[in-house]
Amino acid sequence: MVQPSLCFLGGLLGLFLMAPVLMASTPASMCTPLKTLNDSLSHRRRYMKHNFPINYTIRVHHKEIFKLSNISKMKLKVEGLDELVLQRLWFQVNQGILKKIIRVLPERHPSRPYTAELERRFRDAEGVFVQSHPAEVFQQELPETIQDIWDQLTEEPDRVPESSWRFASPKSLVDNLCHTMCCLFWECFSSTEASHGYCEVSHSKKGRKASSPEVKVEPTEPSEW
């Protein structure tokens, strides 16, 4: 009778020790650069809205309008979708967004230094992300749905059909960057309002205001994910 009990207790102990490994999809080393990035994002209203003309928009691929609702849809489409795959996609989407915003800003625009610093901190986080995982991870085949999005994002602009372009405000795009970051890297923000539960919040204005009072919701842009 002793042997089965010991095996059972040993099994429980093994599960207990493995739990942090199974639950933590974000390496601890990612948290410092992501929190630094988040500090910069806290000023986005001033630099991404107040310093631009009313209703100012830039042209982006419709797959670059990357919202919390898109994450939910992809998880429904792809059974057992690895969080790491979504994190890779998040970096791919938002590096393009920040470059597009910088590209439209004149050298003396008051938001250019802020945006350049935001992009630098984003690249710092991306560098740590790559270093935090074995090289083999980035060579693995992506699920078909994700690969299709990836291919569209990396296609030469002159080959993108006109129907794939959308117009969105810089503020709404950077809002999306912030919201999805807190969802996909929730372990780094679990002590703040932007916790893992934020991924599951209603996508209505009421739901967003309840979760993040400081966020003013912009008019929604079309997204055909």
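What you are looking at is a predicted structure, and each value in this text was computed from that prediction instead of being measured.

Caption draft 1: Inspection of the overall build of the chain at higher detail. Helix and strand counts for the chain stand at nine helices and two strands. Written out in order from the N terminus, the α and β elements of the chain read α-α-α-β-α-α-α-α-β-α-α. Considering only contacts in the chain between residues 6 or more positions apart, those separated by 24 or more positions represent 84%. Counting every atom, the chain has about 12,700 Å² of accessible surface; 57% of that belongs to carbon and sulfur.

Caption draft 2: Just the side chain of Asn176, in detail. Structurally, Asn176 is set in helix H8 (residues 170-184). Accessibility expressed as a relative area gives 7% for Asn176, which makes it buried. The residues contacting Asn176, other than those within four sequence positions of it, are Ile65, Phe66 and Lys67.

Caption draft 3: Quick look at the confidence of the model for the chain. Confidence in the prediction of the chain, expressed as mean pLDDT, is 82, and 74% of residues score 70 or more. Throughout residues 4-24 the model reports pLDDT below 50, and contacts reaching past four residues in sequence, or to other chains, amount to three contacts. This stretch, residues 202-220, has a pLDDT under 50; its non-local contacts, to residues over four places away or in other chains, come to 27 contacts.

Caption draft 4: Geometry of the pattern of salt bridges. Applying the stated criterion across every chain, the model contains 10 salt bridges. With its nearest N and O atoms 3.7 Å apart, the salt bridge here joins Arg59 to Glu162. With Arg59 in strand S1 (residues 58-61) and Glu162 in the loop between helix H7 (144-153) and strand S2 (165-168), this pair connects stretches of sequence that are 103 residues apart. Accessibility expressed as a relative area gives 37% for Arg59, which makes it partly exposed. In this structure Glu162 comes out as exposed when scored by relative accessible area, which is 61%. For Lys75, the salt bridge goes to Glu83, with nearest N and O atoms at 3.6 Å. On the accessibility criterion, Lys75 (34% relative accessible area) is partly exposed. Through salt bridges with shared partners, a single ionic network connects Glu117, Arg120, Arg121 and Asp124.

Caption draft 5: Representation of the environment of His61 within the structure. Tracing the backbone shows His61 in strand S1. Taking the C-alpha atoms as reference points, His61 and Pro157, separated by 96 residues in sequence, lie 9.0 Å from one another. Excluding its chain neighbours within four sequence positions, the residues that come into contact with His61 are Gln152, Val160, Ser164 and Trp165. Separated by 3.0 Å, the side chain of His61 and the backbone nitrogen of Lys63 make a polar contact.

Caption draft 6: Quick peek at the state of the cysteines. Using the criterion set out here, one finds two disulfides in the structure. At a sulfur-sulfur separation of 2.1 Å, the disulfide partner of Cys31 is Cys188. Looking along the S-S bond of the Cys31-Cys188 disulfide, the torsion reads about -80 degrees, which is the left-handed sense. On the criterion of sequence distance, the pair formed by Cys31 in helix H2 (residues 31-41) and Cys188 in the loop between H8 and helix H9 (205-211) is long-range, its members being 157 residues apart. Grouping residues by exposure puts Cys31 and Cys188 together as buried. Across the disulfide from Cys183 sits Cys199; the S-S distance is 1.9 Å. The sign of the 120 degrees torsion about the S-S bond sets the Cys183-Cys199 disulfide as right-handed. Of this pair, Cys183 sits in helix H8 while Cys199 sits in the loop between H8 and H9, and the two are 16 residues apart along the sequence. The burial state of Cys183 is the same as that of Cys199; both residues are buried.

Caption draft 7: Seen up close, the nonpolar core. Ranked by internal contacts, the top residues of the largest apolar core, which has 52 residues, are Leu89, Trp90, Met181 and Phe185. Counting residues per element, the ones that place at least two in this core are H2, helix H3 (44-50), S1, helix H4 (68-77), helix H5 (83-104), helix H6 (112-131), H7 and H8. If you tally residues by element for this core, the top one is H5, at 10 residues. Not counting residues up to four positions away in its chain, the partners in contact with Phe185 are Thr26, Met30, Leu34, Gln87, Trp90, Phe91 and Phe129.

What counts and what doesn't
- Residues numbered from 1 in each chain as written.
- Predicted model: local features only at pLDDT ≥ 70, side-chain atom pairs only at ≥ 80, totals over all residues.
- Heavy atoms only, no water.
- Helix = DSSP H or I, 4+ residues; strand = E, 2+ residues; numbered from the N terminus.
- Contact = heavy atoms within 4.5 Å.
- Areas by Shrake-Rupley, 256 points an atom, 1.4 Å probe, with all protein chains shown as cover.
- Buried < 20%, exposed > 50% of the residue type's maximum accessible area, 1.4 Å probe, protein only.
- pLDDT = per-residue confidence, 0-100.
- Salt bridge = Lys/Arg side-chain N within 4 Å of Asp/Glu carboxyl O.
- Polar contact = N/O pair within 3.5 Å; in protein donor to acceptor, adjacent residues only side chain to side chain.
- Disulfide = S-S within 2.5 Å.
- Core = buried A, V, L, I, M, F, W, Y, C linked by side-chain atoms within 4.5 Å.

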